[in-house]
Amino acid sequence: MTSCAEITKDDETIKMKALALLSGGLDSTLATKLILDQGLDVEAINFVSPFCLCEKGGCGAVGAAKKFNIPLKVVRVDEDYLRIVRNPKHGYGRNMNPCIDCRIFMLRRARRYAKEIGASFIFTGEVLGERPMSQHRQALDIIEEEAGLKGKILRPLSAKLLPETEAEKKGWVARERLFDIKGRSRKKQIETAEEFNITDYPCPSGGCLLTYKEFADKLRDLFEHKKRVTLEGVRLLKVGRHFRFGENKIIVGRNDSENKTLLQSKAKHDYYFEVKGCGSPITLLQGHKTKEAVKKAAFLTAYYSDQKVGEVHVKFGKDSLDKSIIVSVPSKEEVENLRIK
Ligand code: SF4
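Quick look at the structure, then. Because the structure is a prediction, the values reported are computed rather than measured.

Below, the discussion takes up the overall build of the chain. The number of helices and strands found in the chain is 12 helices and 13 strands. Structurally, the chain occupies a C-alpha span of about 80 × 40 × 35 Å along its principal axes. Within the span of the chain, comprising 341 residues, buried residues form 52% of the whole. Within the chain, residue pairs in contact and separated by at least 24 positions form 64% of the contacts whose partners lie at least 6 positions apart.

Here you go:
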């Protein structure tokens, strides 16, 4: 059976439209190619969160959409998404990745957008069994159900292993031209990409910071100490080295660019620290400015400055470096005891 990717309306032949969830990774790029090859009109939607590894957001999706010459809507997630990350109904994966809830969130938004643009169905690059948390059969079913899309999400790369979706039943796509890929090996995808001359897929492994232990530790710490977490607060987790001293958070810049970002992100009541006269990080001290907290922030600044021994004169203040404190350079062990992990 071939697909009937066109319908006739008011004597006019129009193509069926499908909406791709396009991350720009290999799987969603291939899925898009498979659907385009069946003669459907495709538009794409891409979600950018503060947890994306790619700084600019949109990353591979922009290139893939350009290559296929299809419209792309880039959606930046809002604080609703943070609430899901903080308290996911279906729990976390290995780190702080709430993959099932995350997919439900995206697909609900995609469903609304599909309606807006008149797309008849949504498809994704999901591969059965490729990701342990969100791509096993039961998870795929939960995601569909809770996104309000039961039987309506086509997964072209694994379609032949899954129940027929509405798009196949109605003949909008030909099931026999879809794939039966499963598991974590990406061999078949890589071979197919070569056949299709798809060489540029910049996020082959996902690119989500929530799956990284080091980042997850910092996020968990933030959730534990802040009632209200903002997107800006989350973005700051990507900058600098992070330390915890009771209710104080101390962030130490790792290079000039991070030092600049820390100064720009400084809240009105935060103190900042610097060692003058040698290479020095900028350090931010958040929370109550107790004597002990100031001392810890100063000694971390001293530790990461170029003055590696002896007593260090650290300048600090709220609006300017109008105060100073002399501290000894701490040991590595003292520093590690404060690091968030
Ligand atoms: S890896 Fe990150 S972006 Fe991907 S589904 Fe999981 S939480 Fe969402």
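Next comes the rest of the description.
Taken in spatial order, the five strands line up as β5-β4-β3-β6-β7 in an open sheet, and their pairing is parallel. At either margin of the open sheet sits one strand with a lone partner, and together these are β5 (72–76) and β7 (153–154). In this sheet, strand β4 (residues 41–48) lies alongside strand β3 (residues 17–21) in parallel orientation, the contact comprising five bridges. Of the residues in β4, the one forming a bridge with A20 is A44.

This brings us to the sheet that holds strand β13 (residues 323–328). Ordered by their spatial adjacency, six strands build an open sheet running β8-β9-β11-β10-β12-β13, and the pairing between neighbours is antiparallel. Of all strands in the sheet, those with a lone pairing partner are β8 (241–245) and β13, marking the two edges. Averaged over all neighbouring strand pairs, the angle between strand axes comes to 25°, with direction disregarded. As judged from the six bridges shared by strand β12 (residues 311–317) and β13, these two strands associate in the antiparallel manner.

Once that is clear, we can look at helix α10 (residues 256–265). By the burial criterion, the buried members of α10 are E258, N259 and L262. Projection of α10 onto a plane perpendicular to its axis shows the buried side chains occupying an angular sector of 105°, all on one side. Along α10, exposed side chains directed more than 90 degrees from the buried face belong to D256, K260 and Q264. Buried residues belonging to α10 abut α9 (231–236), β9 (248–252) and β11 (283–286). Where α10 begins, the side chain of N255 points an oxygen toward the backbone nitrogen of S257, at a separation of 3.2 Å.

Time to look at the environment of M16. Counting through the fold element by element, M16 comes out in the loop between β2 (12–15) and β3. In this structure M16 comes out as buried when scored by relative accessible area, which is 5%. Put simply, M16 and W172 are 156 residues apart on the chain and 7.2 Å apart in space, counted from C-alpha to C-alpha.

We now examine the packing of helix α4 (residues 99–117) against helix α5 (residues 137–146). The contact between α4 and α5 brings their axes to 9 Å, and the two run at 35°. Our pair here, α4 against α5, has a crossing hand that is right-handed. Two secondary-structure elements touch here, α4 through I100, R103, I104, L107 and R108 and α5 through A139, I142, I143 and E146. Here the contact of α4 with α5 is composed, by residue class, of six nonpolar, no polar and three charged.

This part covers the site of the ligand. Residues in close proximity to the ligand include Y81, P98, C99, C102, R103, C208 and T211, which together make up its full environment. Take the shell around the ligand: its biggest share by element is three residues, from α4. Classifying every residue of the shell around the ligand gives five nonpolar, one polar and one charged.

Applying the stated criterion to the full structure yields 26 salt bridges. Ionic pairing is found between D80 and R83, a salt bridge with its closest N-O pair at 2.5 Å. With D80 and R83 both in helix α3 (residues 79–86), this residue pair falls three residues apart, about one helical turn. Given a relative accessible area of 33%, D80 falls into the partly exposed group. A salt bridge links E336 to K341; the shortest N-O distance between them is 3.9 Å. E336 gets classed as partly exposed once you look at its relative accessible area, which sits at 25%.

Our focus in this paragraph is the packing of aromatic side chains. Applying the stated rule across the entire model yields nine aromatic pairs. Measuring from ring centre to ring centre gives 6.5 Å for F121 and F123, while their planes differ by 45°; the resulting arrangement is tilted. Like F123, F121 is buried. Seen in terms of ring centroids, Y271 and F316 are 5.6 Å apart; in terms of plane orientation they differ by 50°. Their pairing is tilted. A residue pair is termed long-range when its members are at least 10 positions apart, and Y271 in strand β10 (residues 271–275) and F316 in strand β12 qualify at 45 residues. Of the two residues examined, Y271 and F316, each falls in the buried class. Here the basic side chain of K33 rests over the ring of F196, its NZ or CZ set 5.3 Å away from the ring centre. For the cation-ring pair, K188 lies above F179, with the distance from its terminal atom to the ring centre recorded as 4.7 Å.

Criteria and cut-off values
- Per chain, the residues get numbers from 1 upward, laid out in the order the sequence is written.
- Two thresholds apply to this predicted model, a pLDDT of at least 70 for residue-level local features and 80 or more for giving and counting side-chain atom pairs, whereas whole-chain, interface and lining totals are computed over all residues.
- Neither water nor hydrogens contribute to the side-chain values; these are computed over all heavy atoms in the structure.
- Strands here are runs of E lasting at least two residues and helices are runs of H or I lasting at least four, both read from the DSSP assignment and numbered beginning at the N terminus.
- Using a 1.4 Å probe on the protein chains alone, a residue whose accessible area is under 20% of its type maximum counts as buried, one over 50% counts as exposed, and one in between counts as partly exposed.
- Here, two residues are considered to be in contact whenever any of their heavy atoms come within 4.5 Å of each other.
- Note on pairing: two strands pair once DSSP finds at least 2 bridges between them.
- Lines fitted to C-alpha atoms define the axes, with helix axes restricted to the stretch in contact, and inter-axis angles between N-to-C directions lie between 0 and 180 degrees.
- Each C-beta atom gives one direction from the helix axis, and the arc is the one those directions make.
- Throughout this description, a polar contact denotes any pair of N or O atoms lying within 3.5 Å of each other; where both atoms belong to protein, one of them has to be capable of donating a hydrogen while the other can accept it, and for residues adjacent in sequence the pair is counted only when both atoms sit in side chains.
- Each crossing is labelled by how the near helix is turned from the far one, with a counterclockwise turn of less than a right angle marking it left-handed and a clockwise turn marking it right-handed.
- Throughout, the ten residues Ala, Val, Leu, Ile, Met, Phe, Trp, Tyr, Cys and Pro are labelled nonpolar, Asp, Glu, Lys and Arg are labelled charged, and all others, Gly among them, are labelled polar.
- Think of it this way: one heavy atom of a residue within 4 Å of a molecule or strand is enough to make that residue near it.
- Counted as salt bridges are all cases of a side-chain nitrogen of Lys or Arg within 4 Å of a carboxyl oxygen of Asp or Glu.
- Two aromatic rings from Phe, Tyr or Trp, using only the six-membered ring of Trp, form a pair when their centres are within 6.5 Å; if the ring planes differ by under 30 degrees the pair is stacked, by over 60 it is edge-to-face, and anything between is tilted.
- Two conditions define a charge located above a ring, namely a distance within 6 Å from the ring centre to NZ of Lys or CZ of Arg, and an angle within 35 degrees of the ring normal.

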